[in-house]
Amino acid sequence: MNNLIYTVHFDIPKEDLDTDDIEKNIFTKKQLEKYKDKLAINKFRYSVEIDNCDFICFDDLVDLNSFSKKFKLDIPKYTIINFYKLHLLDILAEEYDNILYLDQDVYINTSKNMFKELDMSNLSIWHENMKDKFLEYMNFYNERELYSRSYLNKCVSSYVTSFTFDWPINYNKYNTGVILSNKHNIKNLNIKNNLNFLVDNYNNILYNKDIPSSISSKFILNNEAFLANIISKEQIKVNNLDERWHHILNHSSVEQDFKESNSHFYHLINKKFDWLPF
């Protein structure tokens, strides 16, 4: 069995940053650039400790730009990069038996071998069922604007995609900061063909007259909404990662949470890395 851990790093030019919450995005850009080496070494060290595992940090801008050509010019670079990491997952499944993808802002605090600790017959990823919140929004608050990166907006996006293309509905929303799978599940996702179809046809969602414009207008291209669609469409079995393997830190007391918890992988959504014990 040959295993791989990979991540991606691209320093997005300021002019290409998503203008939605621009100050937050500028802070993210600065932090990821400042700590890119330490975060990569943290993942590389883990790959060495668990044995029989390669590590790659993908940063080939030429390849990213080639992949970007399938998207319209108004699609933010951040959005494209998040689809690119799924594109890489698809390609790497041709070479590796088992693959662990980690966002750059994931910090590893264990030497336990994730490939051995978890059931590799399923795709493992953290997810949350949003059905109740989604139905409440649709029934009572659908005129209200949503933050584009919120789980609820991603749920709306995957729902209108399923409705338009007659795909099975999936009310789970996934966080793609940590993805673990064997090559068979990855190939069965049919990422390349499903993504090409969505990119070529998503205007059908925006102009679907069977969907109220107050709902269809909230559709966004998003890798996590897309993953929800194809997991359901391709009938992939999924294991929900517990907090040990995907502990999300995104509040004011992250240091205390880190010290008091006993988790293995920490996902620092707030991008505040200065206190980490590198």
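Quick note: structure is the one above.
A brief structural summary. All values reported here derive from a predicted model rather than from experimental measurement.

Parameters and conventions
- Residues numbered from 1 in each chain as written.
- Predicted model: local features only at pLDDT ≥ 70, side-chain atom pairs only at ≥ 80, totals over all residues.
- Heavy atoms only, no water.
- Phe/Tyr/Trp six-rings, centres within 6.5 Å; stacked < 30°, edge-to-face > 60°.
- Helix = DSSP H or I, 4+ residues; strand = E, 2+ residues; numbered from the N terminus.
- Buried < 20%, exposed > 50% of the residue type's maximum accessible area, 1.4 Å probe, protein only.
- Lys NZ or Arg CZ within 6 Å of the ring centre and 35° of its normal.
- Axes fitted to C-alpha atoms, helices over the stretch in contact; angles between N-to-C directions.
- Parallel < 35°, antiparallel > 145°, perpendicular 65-115°, else oblique.
- Left-handed = near helix turned anticlockwise from the far one by under 90°.
- Contact = heavy atoms within 4.5 Å.
- Polar contact = N/O pair within 3.5 Å; in protein donor to acceptor, adjacent residues only side chain to side chain.
- Pairing = 2+ DSSP bridges.
- Nonpolar A, V, L, I, M, F, W, Y, C, P; charged D, E, K, R; others polar.
- Core = buried A, V, L, I, M, F, W, Y, C linked by side-chain atoms within 4.5 Å.
- Salt bridge = Lys/Arg side-chain N within 4 Å of Asp/Glu carboxyl O.

Topic: the packing of aromatic side chains
Here's step 1: Per the counting criterion, the structure on display carries 24 aromatic pairs.
Here's step 2: Relative to Y151, the ring of W126 lies with its centre 5.7 Å away and its plane at 35 degrees, an arrangement referred to as tilted. One end of the pair, W126, is in strand 5 (residues 123–129); the other, Y151, is in helix 7 (residues 151–165), and 25 residues separate them in sequence.
Here's step 3: For W126, a relative accessible area of 18% translates into the label buried.
Here's step 4: Y151 sits in the partly exposed class, given a relative accessible area of 22%.
Here's step 5: Among the aromatic side chains, those forming a connected cluster through ring pairs are Y35, Y107, F258, Y266, F273, W275 and F278.
Here's step 6: For the cation-ring pair, K233 lies above W167, with the distance from its terminal atom to the ring centre recorded as 5.5 Å.

What to know about the packing of helix 7 against helix 12 (residues 223–233)
In a packed pair of helices, the relevant descriptors are the angle between the two axes and the axis-to-axis distance.
Here's step 1: Across the interface, helix 7 lies against helix 12 with an axial gap of 8 Å and an inter-helix angle of 45 degrees. Of the possible angle classes, the one that applies to helix 7 and helix 12 is oblique. The hand of the helix 7/helix 12 crossing is right-handed. Every residue of helix 12 that contacts helix 7 at Y151, K154, S157, S158, T161 and S162 is listed here: E224, A225, A228 and N229.

So, the side chain of N222
Here's step 1: With respect to the element layout, N222 can be found in the loop between helix 11 (213–216) and helix 12.
Here's step 2: Side-chain polar atoms of N222 contact the backbone nitrogen of A225, separated by 3.0 Å.
Here's step 3: If sequence neighbours within four positions are ignored, N222 has contacts with F83 and K154.

A short note on unusual backbone geometry
Here's step 1: Residue N52 is not a glycine yet carries a positive backbone phi of 50 degrees.
Here's step 2: The phi dihedral of K271 is positive, around 65 degrees, even though this residue is not glycine.

Looking at the sheet that holds strand 6 (residues 172–182)
Here's step 1: Taken together, 6 strands build an open sheet; the order of strands is 2-1-3-6-5-7 and the sheet is mixed. Both edges of this open sheet fall to strand 2 (53–58) and strand 7 (238–239), since each of them pairs with a single strand only.
Here's step 2: One ladder, built from 6 bridges, connects strand 1 (residues 3–8) with strand 2; its direction is parallel. From the neighbouring strand, Y6 faces strand 2, where its bridge partner is I56.
Here's step 3: Of the strands in this sheet, strand 5 and strand 6 are in contact with helix 7, which crosses strand 6 at around 80 degrees.

Concerning the sheet that holds strand 8 (residues 247–249)
Here's step 1: Taken in spatial order, the 3 strands make up an open sheet running 4-9-8, and their pairing is mixed. Bordering the open sheet on either side are strand 4 (106–108) and strand 8, each of which pairs with just one other strand. Pairwise comparison of adjacent strand axes, ignoring direction, gives a mean angle of 30 degrees for this sheet.
Here's step 2: Sheet analysis places strand 4 next to strand 9 (residues 265–268), joined by 3 bridges and oriented antiparallel.

Considering the environment of K116
Here's step 1: Structurally, K116 is set in helix 5 (residues 114–117).
Here's step 2: When the C-alpha atoms of K116 and Y174 are compared, they prove to be 23 Å apart, with 58 residues separating the residues in sequence.

Let's talk about the packing of helix 4 (residues 77–92) against helix 9 (residues 191–201)
Here's step 1: Two numbers describe how helix 4 lies on helix 9: the axes approach to 9 Å, and their chain directions differ by 150 degrees. For the pair formed by helix 4 and helix 9, the contact residues are F83, L86, H87, L89 and D90 on the first element and I191, K192 and L195 on the second.
Here's step 2: Looking at side-chain class alone, the contact of helix 4 with helix 9 contains 5 nonpolar, 1 polar and 2 charged residues.

Examining the environment of M1
Here's step 1: Along the polypeptide, M1 turns up in the segment before strand 1.
Here's step 2: Of the residues examined, M1 reaches a relative accessible area of 71% and is grouped as exposed.
Here's step 3: Along the primary structure M1 and K38 are separated by 37 residues, whereas in three dimensions their C-alpha atoms are 28 Å apart.
Here's step 4: For M1, the residues in contact, after removing those within four places along its chain, are N52, D97 and N98.

Things to note about the nonpolar core
Here's step 1: In this structure, Y6 and I99 are the most contacted members of the largest nonpolar core, which totals 56 residues.
Here's step 2: Of all the elements, helix 4 adds the most residues to this core, at 8 residues.
Here's step 3: Setting aside chain neighbours within four positions, we find I99 in contact with L4, Y6, L89, L92, A93, F115, I179, L180, S181 and I186.
Here's step 4: By size, the runner-up hydrophobic cluster in this structure holds 20 residues, among which are A40, C53, M114 and F115.

Comments concerning the pattern of salt bridges
Here's step 1: Within the structure shown, the criterion is met by 10 salt bridges.
Here's step 2: Where R244 meets D242, a salt bridge forms, and the shortest distance between an N and an O atom there is 2.8 Å.
Here's step 3: Owing to a relative accessible area of 40%, R244 belongs among the partly exposed residues under this scheme.
Here's step 4: Taking relative accessible area as the criterion, D242 reaches 33% and is therefore assigned partly exposed.

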